[in-house]
Amino acid sequence: MVEKPADYREVIDRRRFMELVGVAGTAALAGCGNGDEPTDGGDNDGNSDESSGTDNGNDDGAGEDVYADVQHVSQTGLSTADVQWNPYNPAGFAQVSHEILFDKFAYYNYERGEFMPLGIQNWELVDETTYRLDIREGLMWSNGEDVTASDVKLQLELGIVIGSAYADYVESVETDGNRTVLLNLTEQTNPDILTFSILPNEWLQVPESVFGEYRNSLTELQNDFAWTDAIASGPFELDEKGGDQLNTTRRENHPDARNINFGNYAFQFMGENQAVYQALQNLDIDSAFTIFTPPRIVEQYPNTVEEVATPSLWGYGLVPNHEGKHTGNRAVRQAIAFAIDREQVVQNAGPRSKEAPDWLVGIGNSSQERVLGDSAGDFETYGKSEQLTDRAAEVLEEAGYSKDGGTWKDDNGNAVSLPVQVPSGWSDWVTAAETCVDHLNRFGFDAELDGRSFSNLLDTVWPQGNFTLASGGWNAGAPTGALSYFSLRHQLIENFRGHSYNYPAANESRGGSNADVSVPEMGDLTGENAMTVNPSDRLSELARTTDESTAGDIVLEQAWVTNVDLPMIPVAEKQEQSWLTSDEWDVPENVGETEQAQVHWPNAWLPRQGMMNYSGD
Amino acid sequence: MIKVSHSESSDEQFSFDYGESEIELTRRERLQDFYEEFIRKPGMVAWNDRRTRIGSAILFVYVLMGTVGVWFYRAPQTNQVDVPGYPGGRGVPPFTDLSAILGSTQQSGKDILAQIIHATPNMLLMVLSGGVFATVVAVLIGTVAGYKGGTVDTVLTSFTDFAMSIPGLPLVMVLAVVLRPTNPLVLGIVLMVNYWAGLGRAIRSEVLSIRQESFVEASRTMGVSTPRILFKDVIPNIMPYVLVNFANAARFVIFSSVGLYYLGILPAGVANWGIQLDRAYSQGSLVGIAALYQLLFPMIMIMGLALSMILLAQGADRIFNPRVRTRLAGESETIEEEEDADAPAGVMT
Amino acid sequence: MNYYLRRFLRVIVTIWAVATFTFALIRLLPGGPLVQLRAQLIRSGASPERVETLIQSYTKIQPDAPIYVQYFDYITSLVQGDLGESISTGRSVGEVVGGALPWTLWIAIATTILVFALAIVWGAIMAYFEGSNFDLASSSASILAASMPFYVLAMLLIIIVGYEFGWFPTRFRIDPNLEAPVFSVAFVGSALYHSVLPIASMVLTGAGLQVLAMRGNSISVLGKDFVTVARLRGLSDRRISITYVARNAILPMYTSMLLSVGWYLGGTVIVEEIFTYRGIGYYMYEGLESRDYPLMMGIFLILTSTLVIGVFVADLTYGLVDPRIQTGDQSESF
């Protein structure tokens, strides 16, 4: 349910967004911890110092006016009866409730293009090969122990062993006092990459007292250990689990508790989007995180239901199997890209929440124009809002295919059959896939829809590479997908959904061998002059370079590889739609346009800032 | 699962005593007699019933849709509807434009009528294969067990009991997940995988009583072979009963296949009313009334086909159960000449 | 006594046969659950030995042992009440089932009883007023109800009664905010309230044909000689309908009712999913969706056993209802 794509509203000043979230090399992002200057007035609330948090006319709710009995009811798509909080064990791992129970290292604010510190209050590169994290002061686990550096050290070490994104660059982790952790890097590394791969993906959720014993028994950690009685580090602690709702209660001794004036935060289990639609319409729940909602439903909501749209930096795409009989052929992939009218797909699957990318490259929509810059004209768009069937026919014929009886066939007379797999429960993806299938059929491919349960696809089908065209996210997701390094890496080297797509340049775990790729020189899709590059080497180089123009060149070059070779075929980028209600809750006016709400997820971040309190009625 | 409860004996059934007296008949005459006794007369009885006529008419519409309709009406496609004011043909309400009389889907502009029509052939195939499979297996096992008796009966009955003790829907779901059937004919059989058991059991007790009839005994004493007796004497006499249950089985196929498609347990690559329901449901048709038509039309299709099956079953039941027929038709008050022995003792006091 | 003993043995044998069947389904199917489970585990990064141990703890099957050993182990575990471990929930299947089974039983049994209560009362009334407009309207309504699958009615009830009017809850077993001890008035009240729509969706659709069957039975009983004689003797209509008609018309429905329990038990898989009602039907669906084979097969086995035992118990009580069955030897050995 989390993954269900969302809606597009021009909430974001995208130009500004582009300036701030950049290609690798925009050092502005590194070390933007709150040790530095306060930015705009009054929004440094929630940081470590005892700054008063009276913003936007909200009562701070501090002290006297706590409504201990008031319950904020939100929603989760995961059965609350079977939920557990061991992040290394995927079975029943919490969805969204961990945002309240634990403090994330830092929240990324999409409006500002900055990380907002939470569990980690400061991060910086102290010298060429040392990266430093400082834990926020005054944090305690709900069992009364302090949150210490050795907790975080254990967490990062476990992350390295299981192969988190930062594992490639971190050699070892050590503590420096009670609140500081130092990461020793293998060699000089672009700090953005560390920041983006650590801060938004980790929560203070691994107390050593619980997880210490699993340091050397990883399989048990990943398969057997279900942490059902979580020890909280966030402003709410577990009250009662089981049944269809998860209840948490406010922790007096959390530093953010003074910003929160209600006693309980609950998550009700809603397995289907339509249940959430209904609950919001009746104001049965008080907030919801990332629920794809078609325009028709939004229109019916009472006006106290407020939408917050945030970038997702991923969306619907087609993942071809590069060892497939036809999809292994670059010409067929290009023909597929030409044959699909992306704008039509977007209009069908969610015009409010989705946007078709201008170019088919491994770069998020909002950064494409800036990253490609003057070279943009050299890149192929494959027809954003039309079916370029002539171009598609052209590349296919050149590759030896011919159309016979309305169907394209290879030189052996085999029809190009393209089953398109899609998770059957994701309604907007199904619509997108359906539309793609029709476009492909209209062009003369033999395409059909193959809907399966998401867990089946994720657990078995995709990792085993049992697909011809799978539906998959074509970008790395927010916020990491904002960095070209991560978005290119996602397409070329290692995608996060485990598609074994057998792309030669990819990692072994994705069916590749980090091989070279040979593409025509930039500017000509089918040109004669070939250039051969090794995407995996070039991306490592990108991660380590400090020279901006080198970085720019590598990004452009690899973007060209994705544009020509189409390791994945992007179709749409979505926005996440989160929902807040203002009938009983003091949220900033026009919360959808409020800077502070531009995070994943506003209903977890705003209460900590005193910006989502019970209004007292 | 609905068993037509039938406790009366079969005295009034059509006994076709050729075995005894008409050995001399030519093949042609016998066929004619057969037609007369087992097809025309029961057919007339059934046809006289309004329900049979309505049921047949409805079924005929479905057959038309599933055969001719598919030829003449376009296949469902995204954005196929072209109505001014509805970009991409999305969300055209029903009965606003002749080109898509039932409207189009909110999300992808598919013609709802096209979806409905093109789901019909597979559904009919499924119903047919499932119904045939269940009745054939039930008749075979039921008649053989009932007629042969002894060890054969014990073995077959135990097997039937075993099959009957498994709750059907969960079993079908497990099989559907493991086997992933896509061919409608195979799917029909999978859906009926243990449905036949209840019917087989009932047929067995029918056969048990038919076995004692004079005409069967006559055949037996004349040395007619067992399969022959089964096919000539026994099966024709249970035919009406089988027909009723064929219709019930067909209804079960419709309900469970649509249900499994709706739940997404069956592969979604085909057109099916259940998939239509699922799409409409998951895209929020339940919220607010405006989009309800997307749910209603497939619902009506499911109910219509099921309704025709029920009506046909009830019509066929007439042939089988003349007592109900005569009473309802007001022909006579009672035709009770048997079975008082069955009335519990002591009732009369 | 002999009869009951034989029936009991048959229950045991049936459950054993179903267990064998599930074993075969897990173990023998090419590309079946075991193969897929192994693939799942290998991908999760477990070492080969580890995979074998995990498979054993999940399914109670040692994949490497000779087949009869596997079979023996499997059955032994079952006899000890160990159904293996669910992959998706991380809990033992027994634990999942334990917390969910009572709710499903409530739905299935309440549905069955209500269907037949409705069928008997309504069918008898219709038979009594045979030929009237009431009879015609009721017959038509029954046929219409029977032509509607229960999940379709469930959806309609959710939209109309749940969403539009807000009369009844459309999900969960009890109010999630309720903090009341089990068996308190509030708890039971909430549980009943939440089960209204799931039960109604199956009862209203399921009763259709049963009403007609009861009507038919009643009509034929009404035509019997003993009823005519009773009438002639001047017994009151009420007495006739209760002592004679009801009894003789209901009996044939009894078997039908037993079969129905199985049908409604199976139906819970769909109904509970639609209403997010966490009974074992709901978990079975979750198991199917996430290809959690131990959960799926475990619940399948439990559902079957429940049905077999239920029918057995009902069989025992049948003798009380119908004195003719005392010998139990219904001339089956022909």
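Residues numbered from 1 in each chain as written. Chains lettered and ligands numbered in written order. Predicted model: local features only at pLDDT ≥ 70, side-chain atom pairs only at ≥ 80, totals over all residues.

Asks: What is the right way to look at the overall build of chain B in this model?
Replies: Along its length, chain B carries 13 helices and 0 strands. Counting every position in chain B, which comprises 349 residues, the buried fraction comes to 52%. The long-range fraction of contacts in chain B, counting pairs at least 24 apart against all pairs at least 6 apart in sequence, stands at 71%. (Helix = DSSP H or I, 4+ residues; strand = E, 2+ residues; numbered from the N terminus. Buried ≥ 20, exposed ≤ 12 C-beta atoms within 10 Å, placed from the backbone. Contact = placed C-beta atoms within 7 Å.)

Asks: How should I be thinking about the pairing of strand β4 (residues 120-127) of chain A in this particular structure?
Replies: Across a regular strand the side chains alternate sides, sitting on one face of the sheet and then on the other. Bridge count for β4 of chain A against strand β5 (residues 130-135) of chain A is 6 bridges, and the pairing is antiparallel. Counterpart to I120 of chain A in the pairing with β5 of chain A is I135 of chain A. (Pairing = 2+ DSSP bridges.)

Asks: Looking at this structure, how should I read unusual backbone geometry?
Replies: Backbone phi values are negative for most residues with the exception of glycine, while trans is the configuration of most peptide bonds. All names here are of chain A. Between H600 and the following residue, W601, the backbone shows a cis peptide bond with an omega angle of 5 degrees. With respect to the helices and strands, the residue W601 is situated in the loop between β24 (585-586) and α18 (602-605). For L313, which is not glycine, the phi dihedral falls at a positive 55 degrees. Position of L313 relative to the elements: it lies in the loop between β12 (305-311) and β13 (316-320). With 28 C-beta atoms packed within 10 Å, L313 lands in the buried category. Look at Y382: it is not a glycine, yet its phi comes out positive at around 60 degrees.

Asks: Please explain the sheet that holds strand β6 (residues 170-176) of chain A as it appears in this structure.
Replies: Through backbone hydrogen bonds, the strands of a sheet pair up, either in parallel or in antiparallel fashion. All names here are of chain A. Across the sheet, which stays open at both edges, the 4 strands sit in the order β4-β5-β7-β6 with antiparallel pairing between neighbours. The open sheet has two free edges, formed respectively by β4 and β6, since each of these has just one partner strand. Pairwise comparison of adjacent strand axes, ignoring direction, gives a mean angle of 20 degrees for this sheet. Of the pairings in the sheet, the one linking β5 to strand β7 (residues 180-185) comprises 5 bridges and is antiparallel in character. What sits directly across from L133, in β7, is V181. Running at roughly 170 degrees to β6, helix α3 (residues 149-162) makes contact with β5, β6 and β7 of the sheet. (Axes fitted to C-alpha atoms, helices over the stretch in contact; angles between N-to-C directions.)

Asks: Just checking my understanding: could you explain helix α15 (residues 484-492) of chain A for this structure?
Replies: Every α-helix carries 3.6 residues per turn, so stepping three or four residues along brings you back to the same face. Residue and element names in this part refer to chain A. For α15, the buried fraction is high: 9 of the 9 residues fall into the buried class. Of all the positions in α15, only S484, Y485, F486, S487, L488, R489, H490, Q491 and L492 are classed as buried. Those residues of α15 that are buried lie in contact with α4 (191-198), α11 (365-372), α16 (535-544) and α17 (548-565).

Asks: What is the right way to read the environment of V221 of chain C from this model?
Replies: Considering the arrangement of structural elements, one finds V221 of chain C in helix α8 (residues 185-222). The spatial distance from the C-alpha of V221 of chain C to the C-alpha of V185 of chain C is 43 Å, given a sequence separation of 36 residues.

Asks: Can you help me understand the confidence of the model for chain C in this one?
Replies: Close inspection of predicted coordinates is inappropriate for parts of the model with low pLDDT. Residues and elements named next belong to chain C. On average, residues of chain C score 79 in pLDDT, and 81% of them are at 70 or above. Taken together, the stretch residues 325-334 has pLDDT below 50 and engages in 8 contacts with residues farther than four places along the chain or on a different chain. Prediction confidence for the complex, expressed as pTM and ipTM, is 0.82 and 0.82 respectively. (pLDDT = per-residue confidence, 0-100.)

Asks: Which parts of the structure should I look at to understand the nonpolar core?
Replies: Soluble, globular proteins show a tendency: their nonpolar side chains are buried together. Residues M173 and I254 of chain B together with I299 of chain C are the most contacted members of the largest nonpolar core, which totals 176 residues. With 21 residues, the top contributor of residues to this core is helix α10 (residues 226-263) of chain B. Each of domain 1 (2-79) and domain 2 (101-291) of chain C contributes no fewer than three residues to this core. If we ignore the near neighbours within four places in the chain, the residues touching I254 of chain B are M123, V127, I302, L305 and A306 of chain B. One finds A94, Y108, L440 and A476 of chain A within the second-largest nonpolar core, a separate group that totals 173 residues. (Core = buried A, V, L, I, M, F, W, Y, C linked by C-beta atoms within 7 Å. Domains from an automatic or database assignment.)

Asks: Teacher, can you tell me more about the environment of R318 of chain B here?
Replies: Structurally, the position occupied by R318 of chain B is in helix α12 (residues 293-320). Counting along the chain gives 266 residues from R318 of chain B to T52 of chain B, while the straight-line C-alpha distance between them is 9.7 Å.

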